[in-house]
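Single-letter residue listing:
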Amino acid sequence: MSLTNILLESGTNELEVVEFYLDETILPGEATLEGLTAQVVGKDNADKYRGYYGVNVAKVLEIIRMPKVTELPEVQHESVRGAFNLRSRIIPLVDLTVWLGKRPASSSEEPKTIVTEFNNVTTAFMVSGVNRIHRISWEQVEQPNAYMASVSSNTIVGVVKLEGRIVFLLDLEKVVASLNPRLSLRLDDLGDDWDHTTGYKALVADDSALVREMQRDLLEKAGFKVIITTNGREAWDCLCAFKKRVEEEGRPLSDFVQVVVSDIEMPYMDGLNLTSRIKGDNILKQLPVLLFSSLITEKLKHKGVSVGADAQISKPEVGTLAKRAAALIRERGLDPKGSEKS
């Protein structure tokens, strides 16, 4: 199944989700988050459960039948089945059921392989089967509560109801980073020439607690004052509150915020819709918007450009975040010290 012809207009707060399922074996007395909401498969096989999951189509290159896999001499995790050749590209294959700590259930159906690309890395995931692609609004995606996040080791980034089923959106970035720590986010040295007393004000929107705290640490280390929000809707509400004060008190917007740093994939309102709203507002449009996401690739950069993003940085290139944000503030003339910085 090729996904290259699927088109989705930018800034509409919509996404397309590939729904897939994992069949697992549950022993008597066991219960898992997915098992509580999964469906029993077969009348005579009550210990076999089917959990439903999803991934953003933007991260999927294609869906193929199970390829011929060559085992790797050394693997860091038992879920890595090996690697295969796909049009002269050697791609690692991860058994998602095993990585999630589940017992794969036997099946007469041939498993499917979802080939993904994000953070400029290509990885394939073996799943029990694929249902279909759904077009939904980010408004339909709920953030997992604290309990759900804890029992899933923060692997679930969103929950959505589709056709009567509860579907968990998985953080495949975390899976890949756990298997290859070099691909995870890291705080980089800002350098000796960095002005650590900038006092710039940044509004950060990201649904990942880990990424939010890393961005906060980096920006505060660089001298920024940071306002944290957990999704685009929360960030928009915060910006509207600043706008109201600008209008009522006659103060410049830069008194409250000077740059917005936003993820793209977020429940309730995504970063593209947030950017579109900012750039469509007479007061807020002066704010530079920096998109920081695993979806920043050469194939997908046009989406950020189309909604007016001022800069786009791909995860895990967190080291350039503070410098690029500061540069945007100066370029827009939002530095209260003006020409003192160059």
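**Points about helix H4 (residues 209-221)**
At step 1: The terminal C-alpha atoms of H4 lie 18 Å apart, and with 13 residues this matches the ideal 18 Å at 1.5 Å per residue to within 8%.
At step 2: Within H4, the full set of buried residues consists of Val 211, Arg 212, Met 214, Gln 215, Leu 218 and Leu 219. Angularly, the buried residues of H4 cover 165 degrees about the axis, an arc narrow enough to put them on a single face.
At step 3: Of the surrounding elements, those touching the buried residues of H4 are strand S12 (201-205), strand S13 (225-229), strand S14 (259-262), strand S15 (289-293) and helix H8 (321-331).
At step 4: Just beyond H4, the residue with positive phi is Gly 223, at close to 95 degrees.

**What about the confidence of the model for the protein chain?**
At step 1: The pLDDT averaged across the protein chain works out to 84; a share of 82% of its residues lies at or above 70.
At step 2: This model gives residues 34-46 a pLDDT under 50, and the stretch forms 25 contacts once residues within four places in sequence are excluded.
At step 3: Low pLDDT, under 50, characterises residues 338-342; the predicted model gives this stretch five contacts beyond four residues in sequence or across chains.

**Comments concerning the packing of aromatic side chains**
At step 1: Under the counting rule described, the total for this entry stands at five aromatic pairs.
At step 2: Taking the centre distance of 6.2 Å and the plane angle of 45 degrees together, the rings of Tyr 53 and Phe 168 count as tilted. Of this pair, Tyr 53 sits in strand S3 (residues 48-56) while Phe 168 sits in strand S11 (residues 165-170), and the two are 115 residues apart along the sequence. By the burial criterion, Tyr 53 is buried, and Phe 168 matches it.
At step 3: In textbook terms, an aromatic cluster arises when at least three aromatic residues are bridged by ring pairs, as seen for Phe 20, Tyr 53 and Phe 168.
At step 4: Lys 59 extends its terminal NZ or CZ atom over the ring of Phe 118, reaching a point 5.4 Å from the ring centre.
At step 5: Between the NZ or CZ atom of Arg 165 and the centre of the ring of Tyr 52, over which it lies, the distance is 5.0 Å.

**Observations regarding the packing of helix H5 (residues 232-249) against helix H6 (residues 271-279)**
At step 1: Relative orientation of the contacting elements H5 and H6 amounts to 20 degrees, with a least axis distance of 9 Å. For the element pair H5 / H6, the angle class is roughly parallel. As H5 runs across H6, the sense of the crossing is right-handed. In contact with Gly 232, Ala 235, Trp 236 and Leu 239 of H5, H6 contributes Leu 274, Arg 277 and Ile 278.
At step 2: For the contact of H5 with H6, a count of residues per class yields five nonpolar, one polar and one charged.

**Details of unusual backbone geometry**
At step 1: Look at Asn 13: it is not a glycine, yet its phi comes out positive at around 65 degrees.
At step 2: Checked against the element boundaries, Asn 13 lands in the segment before strand S1 (14-25).
At step 3: You can call Asn 13 buried: its relative accessible area is 7%.

**Observations regarding the sheet that holds S12**
At step 1: In space, the five strands of this open sheet follow the order S13-S12-S14-S15-S16, with parallel pairing throughout. Two strands lie at the open edges of the sheet, namely S13 and strand S16 (311-314), each paired on one side alone. Direction aside, the axes of adjacent strands within the sheet are offset by 20 degrees on average.
At step 2: The sheet contact formed by S15 and S16 spans four bridges and is parallel. Looking at the pairing, Ser 293 lines up with Ser 314 of S16.
At step 3: Its contacts with the sheet put H4 on S12, S13, S14 and S15, and the angle it makes with S13 is roughly 170 degrees.
At step 4: This element, H6, spans S12, S14 and S15 of the sheet and lies at about 175 degrees to S15.

So, how was this worked out
- Residues numbered from 1 in each chain as written.
- Predicted model: local features only at pLDDT ≥ 70, side-chain atom pairs only at ≥ 80, totals over all residues.
- Heavy atoms only, no water.
- Helix = DSSP H or I, 4+ residues; strand = E, 2+ residues; numbered from the N terminus.
- Expected span 1.5 Å × (residues − 1).
- Buried < 20%, exposed > 50% of the residue type's maximum accessible area, 1.4 Å probe, protein only.
- Arc of directions from axis to C-beta.
- Contact = heavy atoms within 4.5 Å.
- pLDDT = per-residue confidence, 0-100.
- Phe/Tyr/Trp six-rings, centres within 6.5 Å; stacked < 30°, edge-to-face > 60°.
- Lys NZ or Arg CZ within 6 Å of the ring centre and 35° of its normal.
- Axes fitted to C-alpha atoms, helices over the stretch in contact; angles between N-to-C directions.
- Parallel < 35°, antiparallel > 145°, perpendicular 65-115°, else oblique.
- Left-handed = near helix turned anticlockwise from the far one by under 90°.
- Nonpolar A, V, L, I, M, F, W, Y, C, P; charged D, E, K, R; others polar.
- Pairing = 2+ DSSP bridges.

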